[in-house]
Amino acid sequence: MTNYDYNLFTIGAGSGGVRASRLASSYGAKVGVAEEYRVGGTCVIRGCVPKKYLVYASEYGHGFQDAKGYGWSADNVSFDWSKLIANKDNEIDRLNGIYIRNLKNAGADIFQSRATIKDAHTVHLEAENRDVTAERILVAVGGAPWVDETVPGHELGITSNEAFHLEDLPKHVVVAGGGYIAIEFACIFKGLGADVCLVYRGEDILRYFDADVSTQVHKELQRQGIRVITQAVFDKIEKLDGDQKRVHLSTGVHIDTDCVFWAVGRKPVTKGLGLENAGVELDKNGAIKVNDQSQSSVPSIFAVGDVTDRVNLTPVAIREGAAFAETFYNNNPTETDYRFIPKAVFSQPPVGSVGYAEHEARHEFKNVDIYKTEFRSMKHILTESGERVLMKIVVDGDTDRVLGCHIVGEYSAEMIQCVAIAVKAGLKKKDFDDTVALHPTIAEELVTLKTKFVPTSSDTP
């Protein structure tokens, strides 16, 4: 039997890699972990966590206005971007330390180094200029923002990576994209006081969500004063005086701004990793092809998280990492269940979604019933805000099973986490109907929706 330095060597200490490494180590495996930047990965260091703090900060901008309807007034209200960023950085430092301690407490060795693959069982640590061997190698390096380098002047823009470290809050931001990150940062910058323009190549934003969600969010962006331009792309970006840039669009118009923000997608970080040395197969986007056990085309090399481009969400990466460790180090064969994963977009108002969108359900099921409502929440009756709530339930008309639920409105992400349990468990619409409403709440609408929605000629199918 071949002797290896490690039972498992993990490249990348993000959510999936850390979970797999900690569990494997706790089950008795000798584990090494290499991370070239900071332990915690995209979510903790430059993704979900810092983004949510910026979302919270931007919500206060709306809150001060809404508070007037309840008798509150505040003079000389101001916002300090540098203080927000400093406080955010302090918290990220704390979390980074916790992740490091958890790995060490589990018994894993941590290497602050870029790691590349030399062969099916060998990893090269660049910082130490040496090789280590492992029975299994787990690749968990995640993804990175993609920038369209065919656009002249593309380098004048920033991505979500740089947005968390801007020295000053931009006065005007042009965002390219119409997905999660584009929508969230458009709302963040607008809530903090910047003028924002969103440019998207498609017909409407959030194209992977239910059409009613897309329409509702589009209306809410416009209500806030965010300019939304669809069916357009950047032709070129040119530098003007000072920090100013001019963005030329495919429609022939141009926009002057002091910040250009690329949010047109992310791609797996596999380039330069040495995967070709071992013969690991990649798909056309550079993602590592894996089977249900997260095993690549090379039996000793595995991958979890965004680098596989399956479902690119932090909790999914964690589940994949845990399933890998259970299967190979705890004699407990486990596969990740990708059905009915709840999703959220932390726009303002936020989106919560689980299960089938209406168009997906109609493609899969013979009879589909729709229940939906749109209303102004009780909170905003006394404010000047025109914010509205959308709730939609998608039901199998033959079995009465709830196939999906979609909410746009305050607390929607919190609600959808609970609703996801019911949807995944296969509860029926009658189970929702038989539940007593909790009044007065937004969520009570989920159990009081009794009338099927009947589309008219003006409704989009």
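The structure this text deals with has already been given above.
Residues numbered from 1 in each chain as written. Predicted model: local features only at pLDDT ≥ 70, side-chain atom pairs only at ≥ 80, totals over all residues. Heavy atoms only, no water.

**Some words on the sheet that holds strand S20 (residues 389–396)**
Okay, step 1: With antiparallel pairing, the five strands of this open sheet are ordered in space as S17-S18-S21-S20-S19. Pairing within the sheet leaves two strands with one partner each, and these edge strands are strand S17 (343–345) and strand S19 (368–375). Neighbouring strand axes in the sheet, compared pairwise and without regard to direction, differ in orientation by 10 degrees on average.
Okay, step 2: Each of strand S18 (351–355), S19, S20 and strand S21 (402–408) touches helix H7 (residues 211–224); the most contacted strand, S20, lies at about 175 degrees to it. (Pairing = 2+ DSSP bridges. Helix = DSSP H or I, 4+ residues; strand = E, 2+ residues; numbered from the N terminus. Axes fitted to C-alpha atoms, helices over the stretch in contact; angles between N-to-C directions. Contact = heavy atoms within 4.5 Å.)

**Points about the pairing of S18**
Okay, step 1: Burial within S18 is extensive, with four of its five residues counted as buried.
Okay, step 2: Bridge count between S17 and S18: three bridges; the pairing is antiparallel. Looking at the pairing, Lys343 lines up with Ser353 of S18.
Okay, step 3: Connecting the antiparallel pair S17 and S18 is a turn made up of five residues. (Buried < 20%, exposed > 50% of the residue type's maximum accessible area, 1.4 Å probe, protein only.)

**Let's talk about the sheet that holds strand S8 (residues 172–176)**
Okay, step 1: Taken in spatial order, the four strands make up an open sheet running S10-S9-S8-S14, and their pairing is parallel. The outermost strands of the open sheet, each flanked by one partner alone, are strand S10 (227–230) and strand S14 (259–262). This sheet shows a mean twist of 15 degrees between the axes of neighbouring strands, independent of strand direction.
Okay, step 2: Pairing of S8 with S14, which is carried by four bridges, proceeds in the parallel orientation. Within the sheet, the bridge partner assigned to Val174 lies in S14 and is Val260.
Okay, step 3: Where helix H6 (residues 180–191) meets the sheet, it contacts S8, strand S9 (195–200) and S14, and its direction lies at approximately 165 degrees from that of S9.

**Focus on the nonpolar core**
Okay, step 1: With 42 residues, the main nonpolar core has Leu198, Val217, Leu221 and Phe261 as its most contacted residues.
Okay, step 2: Sorting the residues of this core by element identifies helix H3 (48–67), helix H4 (81–106), S8, H6, S9, H7, S14 and S17 as the ones contributing at least two each.
Okay, step 3: Per element, the largest residue contribution to this core is seven residues, and it comes from H6.
Okay, step 4: Leaving out residues up to four positions away in the same chain, Leu221 has contacts with Ile183, Cys187, Leu198, Ile205, Ile226 and Val228.
Okay, step 5: Counting 22 residues, the second largest nonpolar core, distinct from the first, contains Phe9, Ala34, Val139 and Ile288. (Core = buried A, V, L, I, M, F, W, Y, C linked by side-chain atoms within 4.5 Å.)

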